[in-house]
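Next come the chains, spelled out residue by residue.
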Amino acid sequence: MVEEQECLDLRHSNVHFKDEVVQAAGGETLTRCFGCGICTGCCPVSEMDSRFRPSSIIQMILLGQKDELLKSPVIWYCWQCYSCSFHCPQGVKFASVIRVLRYMAVDEGFVSAELMEKARDIEEEIRKIRTRVLDLFFERYKKSGSVPGDVAQLCKKCFEGE
Ligand code: SF4
Ligand code: SF4
């Protein structure tokens, strides 16, 4: 999941990391995860970029890979579309968990001013995409009378500008 790294080095795990995330607002549901991988399967970003895997990020938190995760750019890849949160059988709110990681990364000095600037631009683009996804979602709902099931495909369509 983390770029240019094939396996995790567990010798320097931070055993408190998981508790820090769970105690932060938004991280409370983390420990319900049983590792099924559905969140990764329904994530539009994972579909386009295999470096981003919500289930692997959760495993890294549980394994105490704090520094590796907070300095990794992948925590900024999420679009906050909530597809993972809707589909998780355990009610894990991964979109909120990733926000906890972002706040921690900023608070603890893992993010440079340059990256913060880029993150702001990305957030603005994401906001536009989210608006397009919602428009498309309600347009389809009005046409068919039923809730569109494939949120990931809607997100992908909007991201690709279709
Ligand atoms: S879908 Fe939920 S339970 Fe399954 S891996 Fe993702 S967060 Fe964990
Ligand atoms: S909120 Fe959307 S983009 Fe972010 S991890 Fe969940 S499914 Fe992927």
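Residues numbered from 1 in each chain as written. Chains lettered and ligands numbered in written order. Predicted model: local features only at pLDDT ≥ 70, side-chain atom pairs only at ≥ 80, totals over all residues.

Peer 1: Residue-level account of the overall build of the protein, with values.
Peer 2: Summing up its helical and strand segments, the protein has 9 helices and 0 strands in all. Seen in sequence order, the protein has helices and strands lined up from the N terminus as α-α-α-α-α-α-α-α-α. Relative to its 162 residues, the protein shows a buried fraction of 30%. Sequence separation of 24 or more characterises 69% of the internal contacts of the protein that already satisfy a separation of 6 or more. (Helix = DSSP H or I, 4+ residues; strand = E, 2+ residues; numbered from the N terminus. Buried ≥ 20, exposed ≤ 12 C-beta atoms within 10 Å, placed from the backbone. Contact = placed C-beta atoms within 7 Å.)

Peer 1: Which residues make up the nonpolar core, and what are the values?
Peer 2: Counting residues in hydrophobic clusters, the biggest one holds 32 residues, and the most contacted among them are L30, I61, C84, F94, V97, I98 and L101. Mapped by element, the contributors of at least two residues to this core are α1 (17-23), α4 (54-62) and α7 (94-107). Looking at this core element by element, the count peaks at 8 residues for α7. (Core = buried A, V, L, I, M, F, W, Y, C linked by C-beta atoms within 7 Å.)

Peer 1: Can you lay out the site of ligand 1 for me, pointing to particular residues and giving the numbers?
Peer 2: Around ligand 1 there are 14 residues in total, and C33, C36, C39, C88 and V92 lie nearest to it. Sorting the residues of the shell around ligand 1 by element identifies α2 (38-41) and α4 as the ones contributing at least two each. With 3 residues, α4 is the single largest residue contributor to the shell around ligand 1. (Near = placed C-beta within 6 Å.)

Peer 1: So what about α4? Which residues, and what values?
Peer 2: Across the 9 residues of α4, 7 count as buried, placing the element largely inside the fold. Buried within α4 are the following residues: P54, S55, S56, I57, I58, M60 and I61. Packing partners of the buried residues in α4 comprise α1, α2, α3 (44-48), α5 (66-70), α6 (83-87) and α7. Backbone geometry just downstream of α4 places G64 in the positive-phi region, at approximately 75°.

Peer 1: Hey, could you go over the site of ligand 2 for me, with residue numbers and the actual values?
Peer 2: Taken together, 13 residues lie near ligand 2, and C43, C78, C81, S83 and C84 sit nearest. At the level of elements, α3, α6 and α7 are the ones that each hand at least two residues to the shell around ligand 2.

Peer 1: Give me α7: which residues, what numbers.
Peer 2: In a regular helix each residue adds 1.5 Å, so 14 residues correspond to 20 Å; α7 covers 20 Å between its end C-alpha atoms and thus fits that length. Along α7, the residues classified as buried are F94, A95, V97, I98, V100, L101, M104 and A105. Looking at the buried positions of α7, the neighbouring elements they touch are α1, α2, α4, α5 and α6. (Expected span 1.5 Å × (residues − 1).)

Peer 1: Which residues make up the environment of I61, and what are the values?
Peer 2: Mapping I61 onto the fold places it in helix α4. Of the residues examined, I61 has 24 C-beta atoms within 10 Å and is grouped as buried. C-alpha of I61 to C-alpha of H16: the two residues are 45 residues apart in sequence and 9.6 Å apart in space. Apart from residues no more than four positions distant in its own chain, I61 is found in contact with F17, K18, V21, L30 and L69.

Peer 1: Outline unusual backbone geometry, listing residues and values.
Peer 2: Backbone geometry at Q80 places phi at a positive 60°, although glycine is not the residue there. Counting through the fold element by element, Q80 comes out in the loop between α5 and α6. Assessed through the 15 C-beta atoms surrounding it within 10 Å, Q80 is described here as partly exposed. The phi angle at Y82 is positive, at roughly 75°, despite the residue not being glycine. Within the secondary structure layout, Y82 lies in the loop between α5 and α6. Residue classification places Y82 among the partly exposed positions, given that 17 C-beta atoms sit within 10 Å.

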